[in-house]
Amino acid sequence: MIVKRFSGQTVEEALIRAKWELGDEAVLLSSGPAKDRWWKVWEKGYHVLAATDYPVSKNSRGTLDEPHSAHEVAAGQSQMVERIQTTQDERWDAVLKLLSQVDRKIDQAVPVAPGAGEWYDFLLERELPPEWARRLAQGVPSEGTKEIQQEALQRSAVEHLMIQPVLPLTRPQAVIVVIGPTGAGKTTTIAKLATYARLELGRSVLLVTTDTYRVAAVEQLKTFGGILDVPVAVANRPQDLPAIIREHSPEVVFVDTPGHSLSQPMQIRQSQSVMKYAHATDVLLCMPATASRSLFVKTAQTLAGDHAVSLCLTKVDEVLSPGTVLGALMDLQWPLAYIAHGQNVPEDIGPASADGLAQWLMRGGAYHG
């Protein structure tokens, strides 16, 4: 392995020097302000430490190739910075995962406070993750009646659930892009919200689908559109969305997207481009309450990318033990706007409530709102 340090007046300049000498496969090990003795004290400099498993390429004269012009430097900059950034993101993910594991170990090492052990076991029976069960149980007073302790436990659960108001559908024009994994109930959720916007708020509505992959996906949305007497359009490409929205000039637009698994990064990026071209005012991420805690968190983070999203928890009626999904919500700390608990349109959806979720945790069984 070849490991070398490169300096420059900017980080980008140092990265380009590393690329030209070590090649495109160079891996960034560290970066920071340059501390070379030769560096002028009145100028700011930076260095990067890079490595490669491949031998350094040389030109016909036996010397290292160097960039010969600003154009060559600029041409190599974007690709190198993107590759370095990807490596850094992967390392940050690994570090954050390790820190999360350390936090869990610390939580497990701290004994449950006297009197809280019973409630800790109670939360474990509800399938709440051990670290969250321990954290919530620690807030239970050691003295007082069982009712007082139960109320304290419920308040502790409310404090760790992030809730936001429902989407502002009364703004001059609301464009809501609905995303989520396969089978999360995105189209049914759109039908419920579109019915509310059309019949309760009296808004003009446009339904747009970009899901040209799933069999009968377009027909399903057109069926809902026919019932509501609202137009339905098909966008074969994300770039078609601006023209479609301008043509209909609706007050509320719901954009349906295809569901994808974590093994389809290209399709996921395409769905994220839908948000860009639609000029989304809101992005609603539908996540099924039936998913495991780790899959819920990883899928949500992957699908949302860098976009701010509101959550809609779907398929809640299919869950009998609330701890797993509530643990995932506590892990994410993302705003939850809606809870969908059935297939009936538009009845089986409502605004999320931290008190309602906490009561569900205490009660167990099916969700009743």
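Right above here is the structure, for reference.
As the structure is a computational prediction, the values presented were derived from the model and not from experiment.

Enquirer: Teacher, can you tell me more about helix α1 (residues 11-22) here?
Expert: An α-helix turns once per 3.6 residues; consequently, residues spaced three or four apart project the same way. Taking 1.5 Å of rise per residue, 12 residues should cover 16 Å, and α1 covers 16 Å from first to last C-alpha, within 8% of that figure. Taken together, the buried positions of α1 are occupied by A14, L15, I16, A18, K19, E21 and L22. Remark: G23 follows α1 within two positions and exhibits a positive phi of approximately 95°.

Enquirer: Before we go on, may I ask you to explain the packing of aromatic side chains in this structure?
Expert: Here the distance between the centres and the angle between the planes together describe a pair of aromatic rings. Applying the stated criterion across every chain, the model contains two aromatic pairs. Judged by centre distance (5.5 Å) and plane angle (80°), the ring pair of W119 and F122 falls under edge-to-face. Pair noted here: W119 and F122 are both in helix α3 (residues 117-125), with a separation of three residues, about one helical turn. Both rings, one in W360 and one in Y367, keep their centres 5.3 Å apart while their planes meet at 75°; by these two values the pair is edge-to-face. Residue classification places Y367 among the buried residues on the basis of a relative accessible area of 11%.

Enquirer: Just to check I follow, could you spell out empty space enclosed by the protein for this structure?
Expert: Empty space among the atoms can be located by rolling a probe the size of a water molecule over them. Enumeration over the complete set of coordinates arrives at one cavity of 30 Å³ or more. Considered as a void within the structure, the largest cavity measures approximately 60 Å³ in volume. The wall of the largest cavity is formed by I179, G180, T257, P258, G259, H260, I268, S271, M275 and L303. At three residues, helix α9 (residues 265-278) tops the list of elements feeding residues into the lining of the largest cavity.

Enquirer: Can you walk me through the sheet that holds strand β7 (residues 252-256) in this structure?
Expert: As a general point, the strands of a sheet are linked pairwise by backbone hydrogen bonds and lie either parallel or antiparallel. The mixed open sheet is built from eight strands, whose spatial order is β6-β5-β7-β4-β8-β9-β10-β11. Bordering the open sheet on either side are β6 (232-234) and β11 (349-351), each of which pairs with just one other strand. Across the sheet, the axes of successive neighbouring strands diverge by a mean angle of 25°, strand direction being ignored. Across three bridges, the pairing between strand β5 (residues 205-209) and β6 is parallel. If you follow V208 over to β6, its bridge partner there is A233.

Enquirer: Could you clarify how one ought to interpret the pairing of strand β4 (residues 174-179) in this entry?
Expert: Along any regular strand, the residues point their side chains to alternate faces of the sheet. Most of β4 sits inside the fold, with six of its six residues counted as buried. Side chains A174, I176 and V178 of β4 all project onto a buried face; the interleaved residues V175, V177 and I179 project onto the opposite face, where all are buried too. Summarising the sheet, β4 and β7 pair through five bridges and their orientation is parallel. Looking at the pairing, V175 lines up with V253 of β7. As paired elements, β4 and strand β8 (residues 282-288) share four bridges and run parallel to each other. Note on β8: the bridge partner recorded for I179 is L285.

Enquirer: Please clarify how unusual backbone geometry should be interpreted in this entry.
Expert: Look at the link from V345 to P346: it is a cis peptide, with omega at 0°. With respect to the helices and strands, P346 occurs in the loop between β10 (336-340) and β11. Residue E127 is not a glycine yet carries a positive backbone phi of 70°. Relative to the helices and strands, E127 resides in the loop between α3 and α4 (130-138). The class of E127 is partly exposed, set by a relative accessible area of 44%. The phi dihedral of S249 falls on the positive side, at around 45°, and the residue is not glycine. By the secondary structure assignment, S249 is in the loop between α8 (241-248) and β7.

Enquirer: Sorry if this is basic, but what is going on with the sheet that holds strand β3 (residues 46-52) here?
Expert: Strand order in this open sheet of three strands is β1-β3-β2, and the pairing throughout is antiparallel. If you trace the sheet from one side to the other, it starts and ends with β1 (2-8) and β2 (27-33), each paired once. Put simply, the sheet's adjacent strands are angled 20° from each other on average, direction ignored. Two strands pair when backbone bridges link them, and β1 and β3 are joined in this way by seven bridges, in the antiparallel orientation. Bridge assignment links S7 to a residue of β3, and that residue is H47. Across the sheet, α1 touches β1, β2 and β3, and the angle it forms with β1 is around 145°.

Enquirer: In this structure, what is going on with the pattern of salt bridges? I would like to understand it.
Expert: Side-chain pairing between opposite charges can occur once the charged atoms of the two side chains come close. Counted according to the given criterion, the structure contains six salt bridges. E251 is the partner of R203 in a salt bridge, and the nearest nitrogen-oxygen pair spans 3.5 Å. With R203 in the loop between α6 (186-200) and β5 and E251 in the loop between α8 and β7, this residue pair connects regions lying 48 residues apart in the sequence. Residue class for E251 comes out partly exposed when judged on its relative accessible area of 28%. In this structure, a network of salt bridges that share partners links the residues E131, R293 and D331.

Thresholds applied
Residues numbered from 1 in each chain as written. Predicted model: local features only at pLDDT ≥ 70, side-chain atom pairs only at ≥ 80, totals over all residues. Heavy atoms only, no water. Helix = DSSP H or I, 4+ residues; strand = E, 2+ residues; numbered from the N terminus. Expected span 1.5 Å × (residues − 1). Buried < 20%, exposed > 50% of the residue type's maximum accessible area, 1.4 Å probe, protein only. Phe/Tyr/Trp six-rings, centres within 6.5 Å; stacked < 30°, edge-to-face > 60°. 1 Å grid on protein atoms, 1.4 Å probe; cavity = no way out; pocket = protein on both sides within 12 Å on 5 of 7 lines; lining within 4 Å. Points joined across faces, edges and corners; volume = space filled by probe spheres on them. Pairing = 2+ DSSP bridges. Axes fitted to C-alpha atoms, helices over the stretch in contact; angles between N-to-C directions. Contact = heavy atoms within 4.5 Å. Salt bridge = Lys/Arg side-chain N within 4 Å of Asp/Glu carboxyl O.

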